[in-house]
There are 2 protein chains.
Amino acid sequence: MVSASAASTSHPSELHPPVNKTAHEFDKAVLDALLARRFFFSPAFEIYGGVAGLYDYGPTGSGLQANILDAWRKHYIIEEDMLELDTTIMTLSEVLKTSGHVDKFADWMVKDVKTGEIFRADHLVEAVLEARLKGDKEARGVKEEAPIEEADDKKKKKKKNVKSVAVKLPDEEVKEFEYILAKIDDYTGPQLGEIMKKYKIVNPETNNDLTEPVEFNLMFESAIGPTGQIKGYLRPETAQGHFVNFARLLEFNNGKVPFASAQIGRSFRNEIAPRQGLLRVREFTMAEIEHYVDPLDKVHPRFDEVRDVVLTLLPKDVQMEGRTETTQMTVGDAVAKKIVDNETLGYFLARTQLFLVKIGMDATRVRCRQHMANEMAHYAADCWDFEIQSSYGWIECVGCADRSAYDLSVHAARTKAPLRVQQKLDEPRVVEKLVPTFDAKAFGMKFKKEAGMLKEFIFAMEKEQLQCVKDELAKGSSTVQAPDGNKYEISSDLLKIEPTTVTEHMREFIPNVIEPSFGIGRILYSLLEHSYWAREQDKARGVLSLPALVAPIKCLIVTISQDPALRTLIHDISRKMRKLGIASRVDDSSASIGKKYARNDELGTPFGCTVDFASLQKGTMTLRERDSTAQLIGPIDTVISVVDELVKGTIDWKGAAGKLESYSGVQDV
Amino acid sequence: MVSASAASTSHPSELHPPVNKTAHEFDKAVLDALLARRFFFSPAFEIYGGVAGLYDYGPTGSGLQANILDAWRKHYIIEEDMLELDTTIMTLSEVLKTSGHVDKFADWMVKDVKTGEIFRADHLVEAVLEARLKGDKEARGVKEEAPIEEADDKKKKKKKNVKSVAVKLPDEEVKEFEYILAKIDDYTGPQLGEIMKKYKIVNPETNNDLTEPVEFNLMFESAIGPTGQIKGYLRPETAQGHFVNFARLLEFNNGKVPFASAQIGRSFRNEIAPRQGLLRVREFTMAEIEHYVDPLDKVHPRFDEVRDVVLTLLPKDVQMEGRTETTQMTVGDAVAKKIVDNETLGYFLARTQLFLVKIGMDATRVRCRQHMANEMAHYAADCWDFEIQSSYGWIECVGCADRSAYDLSVHAARTKAPLRVQQKLDEPRVVEKLVPTFDAKAFGMKFKKEAGMLKEFIFAMEKEQLQCVKDELAKGSSTVQAPDGNKYEISSDLLKIEPTTVTEHMREFIPNVIEPSFGIGRILYSLLEHSYWAREQDKARGVLSLPALVAPIKCLIVTISQDPALRTLIHDISRKMRKLGIASRVDDSSASIGKKYARNDELGTPFGCTVDFASLQKGTMTLRERDSTAQLIGPIDTVISVVDELVKGTIDWKGAAGKLESYSGVQDV
């Protein structure tokens, strides 16, 4: 904690002097009040009572979000020449049926058998068991650190109002509960049902029994067009919009992989029980990358640039043992040890670690947790989540999934569209193929309407399947089970399968997809918690230590008096800054300088300039740094240009101190 | 048309040499093929057959859209310190019930009585009458300009495949049809039904009768949450998100008007019959501004900056006379003559004219058409549309509506939220008020459950109403009709209404709203048509003359050979440009230079640099301008810096020619 009055031990020449933002200083209620008061975001249609899980961003929140997205665009799309898309939110139901979302994108819900109140099963189990463990600790007289308890209390209040009662549990049960909680994301609905039965988990408020867990699909439905007959869903992710356009993207990229498509846009999930503010909402902004890679070649050409980036890993085998401790390791080592499967996945983990820190996240509160087997989404072969710790616990903010060839395969099979890569072979190769030949007329007469479907099915067979059919035909006939579920007996006079040698010049494959997927609202909220602290001498004075890169306003310009000449000068300075693209705000109201700075410290504004009579007389202006409140002074145009460089990141505060003079005039504390 | 081979009559030193893009050069089929081939946009889920009215933007379209939005943000939000919002798409149905959209946001549809095919009534009438007028012209031997006929043919094909048959109409009927077409946007559903009966308008393809026009609400419905009981709609405009947050916005602006909120986001309209590509779609990006102004003070502080901007006006009284000719006039004159109602409305019309021209629209194909009485949306008191002419005709791209106090009033009445402005009066004023006083106990005993509602109703009465009740009470009792529809007789012993004088220090009012609303997809498509032309010597070589401001890629960097040293140099140059924030593309494939430039001319890339062996030996690079193909040459870093200035707009081509040398080496034509 930096105090402006005492001699500061942290160097005012550092841009971000270390600020002690430990848990016991953090008061979430005060932060929440600030975020509401300064209109970062608020419940949507609040004047109508609002709806759980829907939030509007005000000017401050919109500005912060826009800057985070701009940083994301530069870090990924521009830096790596990604192909940007903007696809529709409204999605034809057939697309999401094929992708598996209609059948599998669901959570488990339970209902109070009397009141009908609905809970999400896994969250309820988590809340109840945590409450019991807490009560057990109380009964045993185990002293928990007061602040964490307080944070947990708030967390529990937000979860389910599950009060903890001081009851000592059997040692065995404590172990079982801890084990269950470590694996909570891995249970199926029926398994949760068993846990609830075994440990008698009921509605904590009414004590009524709950129904068996039932699946609830998480997509919003709608109908397209005046007949209402075209069924659509609001997309739960932007990914499908990338995949169905793969052929066009590949053509745009001259037929070559690897390359990536990227999209920033709204997605929707009809959550059973939204909670935790911005962390679990029904409508949210995502930024998604689909990186298409040769399944046989997951080496990444730029991996060397990131191999020394340190990640904080929580692999799945650790969690399966019921433990939650993390290991710090460079991504180079993690890939070498096969903890992270391949360079491409490792590259994106490293790049994401760099991005989160760049926008201001506290690296000590970021970890990479691998999904356990049952928890993975239906389309994922492997998945690492960047979880960020806030007062709500460890929350997934970025998912890095290996979607293998799942999505492109299912869409290709359904539509017959060529969602694959064709690669010219360096050396042509000779391969033996088995080729079916039909006696067309006789085949058609025998199978009538089914003839076409059967032929297509046989033509699409893999070599091994054709060999089986060939072997059976040698004995007189082959019985084939077709996609329609029926068996068809084909005699050897109708179908011949002959080997032939073919020279292939080309290899064809379906690329694998590595998908970093960013929940922008969660990242934004976590960043606010990580950035917030209160000045020692006055807890009511909050500061958001946002990096200049993402701060909504970069520079505040204030004057101490209402003098018209000063006002003109201020607006002149503001115009100059605007021309340079620096987002600035003028405060020429009658409040004190200290109050003006305090009002903007809590918006995260990193720099402030005071214009006074000396400015009119000597043409100088002061420059204040938010966190340390240190000040410099210099000619107005020099100060403007220094602010420009500070905002662009080409110099830091030390560099600024080299271009201007130190100033210790009126303390604005 | 500029030919590179002949001595050019247009000066290559102009950045945008005048290009003759008249109608007879424009071949929409070729442009459409280009837009598809280069993945500007394509039908959503095309591999699934697509859905009418849903389009995905590919990398080129996304880049162009992002640049248009960035220009919009700078022109409006930043330039005028607007408060940006990001609100939810999913909207509680109650909000849109209150706003009037549930009841009134509809189009009229008619259905083929046999086949069930659905048409939008006004568009069908328009298509049929236009076809008959065309047939009449043919029959009379009136020669229409071939190109316009061609454009009209395509337009008709897209409308309804309404073939024109050469039949001479009675002169009277020709006049009637022209009159109807001029006023087509002004008819109600029943009026359209009468027109269809009178002129025997049936399904042009089947000749079957059509049903009476029936209203179809244009909003997509959905249900929120697991019970399905919270009804929601996808917003048809972003506006309501602004209005329900008005109190917070006003507080953010320190209680003062005028100010504006702004939002860029997706909106949805479940169109009856989408057509015309990007011009009538079911999901689209809007940019909307809600400017809140004192109803008694619509003077605009910055009007002087724009009073000389020329607008092309088509006022409502001209249209009501069945005419469509426009008048050119400065906005200063238009406001002075009350053609445009007030300075604030005029200010936004002028700023929008400037914006459209800035991003490259052809000003001769932009007009401002005022809405006629019946055509206005339910919330609008006045509305001017910026219509842009394309091969589809004159299409509304920006609507400037005066929404008066409608929206804030209805939301305030419904929710009792304080959506109004309080203004301190310079001089306090003394007013006489009437104050009701109840005998609380007796009133409660008399009216029981209704007592509360009745009291609230009476307290909320305007002075005139209270006076009526007072007068009736003087005769013994007053009968009051309450909001529940029932009449209540209140005797004079239960209620007294007494005059009292009050000193008011404050004025309270509901601000009026001026709303410029931009359809980004329509603007983008119109811009593409306005920018497209084909080189004289080779009609297959299309050029998009997009201003550098909005072009997706600013600079192409090419080399003539595959030499590794040149490749390294090219990527080095690309990196330097990236650091300056210049979006560039490298083409180091084996195609000819001319082909590379042609491929990028059709993406609208304004500048190109060729790197060759001279670059390695002498450190020079050429710089080519897209439209004229004129070339300059200079040291590599100088050229890079010139490109930077050209892209930023701080110099034009003439300025560039002043910093580099002319180059007439190998013609890349």
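Each chain has its residues counted from 1, running along the sequence as written. Here chains are named by letter from A upward and ligands by number from 1 upward, in the order in which they appear as written. Local features in a predicted model are, by the rule used here, given only for residues with pLDDT of at least 70; side-chain atom pairs are given and counted only at 80 or more, and totals for whole chains, interfaces and linings are based on all residues. Values reported for side chains reflect all heavy atoms of the structure, with hydrogen atoms and water molecules removed beforehand.

> Break down the overall build of chain A for me, citing the residues and quoting the values.
Comment: elements are numbered from the N terminus, with helices defined as DSSP H or I runs of at least four residues and strands as E runs of at least two. Along chain A, the regular secondary structure elements total 23 helices and 29 strands. Dimensions of chain A, computed from the C-alpha atoms along their principal axes, are close to 105 × 65 × 55 Å. Only protein chains enter the area calculation, which uses a 1.4 Å probe; residues under 20% of their type maximum are buried, those over 50% are exposed, and those in between are partly exposed. Taken across its 669 residues, chain A has 54% of its residues classed as buried. Contacts between residues were defined by any pair of non-hydrogen atoms, one from each residue, lying within 4.5 Å. Long-range pairs, those at least 24 residues apart, make up 70% of the contacts in chain A with a sequence separation of at least 6. Under the convention used here, a 1.4 Å probe and the Shrake-Rupley method define accessible areas, while residue burial counts only the protein chains that appear. Entry remark: accessible area of chain A is about 28,900 Å², with carbon and sulfur atoms responsible for 51%.

> Go over the relation of the copies chain A and chain B, please, and point to the residues and values.
We superpose the copies by least squares over the C-alpha atoms of residues that have a pLDDT of at least 70 in both of them. With an RMSD of 0.4 Å, the fit of chain A onto chain B corresponds to turning through 179 degrees and sliding 0.0 Å along the axis. Considering both components of the superposition, the chain copies are consistent with a two-fold axis. Ranked by how close their C-alpha atoms come to the rotation axis, the residues of chain A are headed by A:Ser222, at 2.6 Å. Counting the interface residues of chain A, we find that 99% of their copies in chain B are interface residues as well, pointing to one common contact surface.

> Please give an account of the pairing of strand β9 (residues 230-234) of chain A that cites residues and values.
Sheet faces and side chains relate simply in a regular strand, where the side chains alternate between the two faces. Residue and element names in this part refer to chain A. Only when DSSP finds a minimum of two bridges between them are two strands counted as paired. As judged from the three bridges shared by strand β4 (residues 90-92) and β9, these two strands associate in the antiparallel manner. Counted as the bridge partner of Leu92 is Gly232 from β9. Taken together, strand β8 (residues 221-224) and the strand that follows it, β9, pair antiparallel across an intervening segment of five residues, in which Gly225 is found at a positive phi of about 90 degrees.

> Run through the packing of aromatic side chains, naming residues and quoting values.
Under the pairing criterion, centres of Phe, Tyr and Trp rings, with the six-membered ring standing for Trp, must be within 6.5 Å; the plane angle then separates stacked pairs below 30 degrees from edge-to-face pairs above 60, leaving the rest tilted. Considering all chains together, one arrives at 38 aromatic pairs over all chains under this definition. Each ring, one from A:Tyr392 and one from A:Tyr525, has its centre 5.8 Å from the other, and the planes form 50 degrees; the classification is tilted. Here A:Tyr525 lies in helix α18 (residues 520-531) and A:Tyr392 lies in the loop between β15 (382-390) and β16 (393-404), a separation of 133 residues in the sequence. Both residues of the pair, A:Tyr392 and A:Tyr525, count as buried. Among the aromatic residues, those joined into a cluster by ring pairs are A:Phe438, A:Phe443, A:Phe447, A:Phe459 and A:Tyr488. Whether a charge sits over a ring comes down to the Lys NZ or Arg CZ being within 6 Å of the ring centre and within 35 degrees of the ring normal. The ring of B:Phe39 carries A:Arg248 above its face, with NZ or CZ at 5.5 Å from the centroid.

> I'd like to hear about the sheet that holds strand β4 (residues 90-92) of chain B, residue by residue, with values.
Two modes of strand pairing occur in sheets, parallel and antiparallel, and in both the strands are linked by backbone hydrogen bonds. Residue and element names in this part refer to chain B. Spatially, β4-β9-β8 is the arrangement adopted by the three strands of the open sheet, whose pairing is antiparallel. Across the chains shown, the open sheet's two edge strands, defined by having one partner strand only, are β4 and β8 (221-224). When strand polarity is set aside, the average angle formed by the axes of neighbouring strands in this sheet is 45 degrees. Fitted lines through C-alpha atoms give the axes, limited to the stretch in contact for helices. The angle between two N-to-C directions lies from 0 to 180 degrees.

> Let's hear about the pairing of strand β11 (residues 283-293) of chain A: which residues, and what values?
All names here are of chain A. Of all 11 residues that make up β11, 11 are buried, and the element is covered over most of its length. Residues of β11 alternate between two faces, with Glu283, Thr285, Ala287, Ile289, His291 and Val293 on one and Phe284, Met286, Glu288, Glu290 and Tyr292 on the opposite face, all of them buried. Summarising the sheet, strand β10 (residues 259-268) and β11 pair through 10 bridges and their orientation is antiparallel. When the sheet's bridge partners are listed, Ala262 is paired in β11 with Ile289. Both β11 and strand β21 (residues 512-519) contribute to a ladder of six bridges, which runs antiparallel. In the sheet register, Ala287 faces β21, and the bridge partner there is Phe518.

> Could you give an account of a nonpolar patch on the surface, with specific residues and numbers?
All names here are of chain A. Residues Ile560, Phe613 and Leu616 make up a contiguous nonpolar surface patch of about 270 Å² in total accessible area. Tracing the backbone shows Leu616 in helix α21 (residues 613-618). Residue classification places Leu616 among the partly exposed residues on the basis of a relative accessible area of 40%. Here the term patch refers to residues with relative accessible area over 30% and no salt bridge, with like charges joined within 9 Å and nonpolar side chains (Val, Leu, Ile, Met, Phe, Trp, Tyr) within 5 Å. Any carboxyl oxygen of Asp or Glu that lies within 4 Å of a side-chain nitrogen of Lys or Arg is treated as forming a salt bridge with it.

> Describe the interface of chain A and chain B, and please don't skip the residues or the numbers.
With 71 residues of chain A at the contact, the number on the chain B side is 71 residues. Linking chain A to chain B there are eight salt bridges. A:Arg248 is the partner of B:Glu46 in a salt bridge, and the nearest nitrogen-oxygen pair spans 2.8 Å. Nitrogen and oxygen atoms within 3.5 Å of one another constitute a polar contact, given that in protein one can donate a hydrogen and the other can accept it, and given that sequence-neighbouring residues count only through two side-chain atoms. In this structure, the connection of chain A to chain B is made through 37 residue pairs in polar contact (both at pLDDT 80 or more). Among the elements that make up the side of chain A that touches chain B, the one with the highest residue count is helix α2 (residues 59-78) of chain A (six residues).

> How would you summarise the packing of α2(A) against helix α13 (residues 343-358) of chain A if you had to cite specific residues and measurements?
Residues and elements named next belong to chain A. The interhelical angle for the contact between α2 and α13, taken along N-to-C directions, is 145 degrees, at an axis separation of 11 Å. In terms of crossing hand, the pair formed by α2 and α13 is right-handed. For the pair α2 and α13, the contacting residues are Ile68, Ala71, Trp72, His75 and Tyr76 in the first and Arg351, Thr352, Leu354, Phe355 and Lys358 in the second. Among the residues making up the contact of α2 with α13, the classes are represented as six nonpolar, two polar and two charged. The handedness criterion is simple: a crossing whose near helix is rotated anticlockwise from the far helix by less than a right angle is left-handed, and one whose near helix is rotated clockwise is right-handed. Classification convention: Asp, Glu, Lys, Arg as charged; Ala, Val, Leu, Ile, Met, Phe, Trp, Tyr, Cys, Pro as nonpolar; all other residues, Gly among them, as polar.

> I'd love a proper account of the confidence of the model for chain A, names of residues and values included.
Residues and elements named next belong to chain A. The predictor reports its confidence for every residue as pLDDT, a score running from 0 up to 100. Mean pLDDT for chain A: 89, with 93% of residues reaching 70 or above. Considering only residues more than four positions removed or in separate chains, one finds that residues 1-18, a stretch of pLDDT under 50, has 39 contacts. Throughout residues 145-160 the model reports pLDDT below 50, and contacts reaching past four residues in sequence, or to other chains, amount to 26 contacts. The complex prediction reports pTM at 0.85, with the ipTM value standing at 0.85.

> Got a sec to walk through helix α19 (residues 564-579) of chain A? Specific residues and values, please.
All names here are of chain A. The span you would expect from a helix comes to 1.5 Å times its residue count less one. A rise of 1.5 Å per residue sets the reference length of α19, with its 16 residues, at 22 Å; its end C-alpha atoms lie 23 Å apart and thus fit the reference within 8%. For α19, the set of buried residues is Leu566, Leu569, Ile570, Ile573, Ser574 and Met577. The buried side chains of α19 occupy one side of the element, clustering within an arc of 140 degrees when seen end-on. For α19, exposure combined with an orientation more than 90 degrees from the buried face picks out Pro564, Thr568 and Lys579. Following α19 by one or two positions, Gly581 has its phi on the positive side, about 80 degrees. Note that the arc is defined by the directions from the helix axis to the C-beta atoms.

> Residue-level account of the UniProt feature "domain: Aminoacyl-transfer RNA synthetases class-II family profile" (unreviewed entry) in chain A, with values.
Here the UniProt feature "domain: Aminoacyl-transfer RNA synthetases class-II family profile" (unreviewed entry) sits at residues 233-547 of chain A. In this annotation, residues 233-547 of chain A is assigned 29% helix and 38% strand; the end-to-end C-alpha distance for the span is 38 Å. UniProt positions are given in the numbering used here, feature names are shortened, and annotations may be inferred rather than shown by experiment.

> Talk me through the environment of B:Lys338; I want residue IDs and the actual numbers.
Residue and element names in this part refer to chain B. With respect to the helices and strands, Lys338 occurs in the loop between α12 (331-336) and α13 (343-358). Accessibility expressed as a relative area gives 56% for Lys338, which makes it exposed. Within the structure, Lys338 has its side chain in polar contact with the backbone oxygen of Asp341 (distance 2.6 Å).

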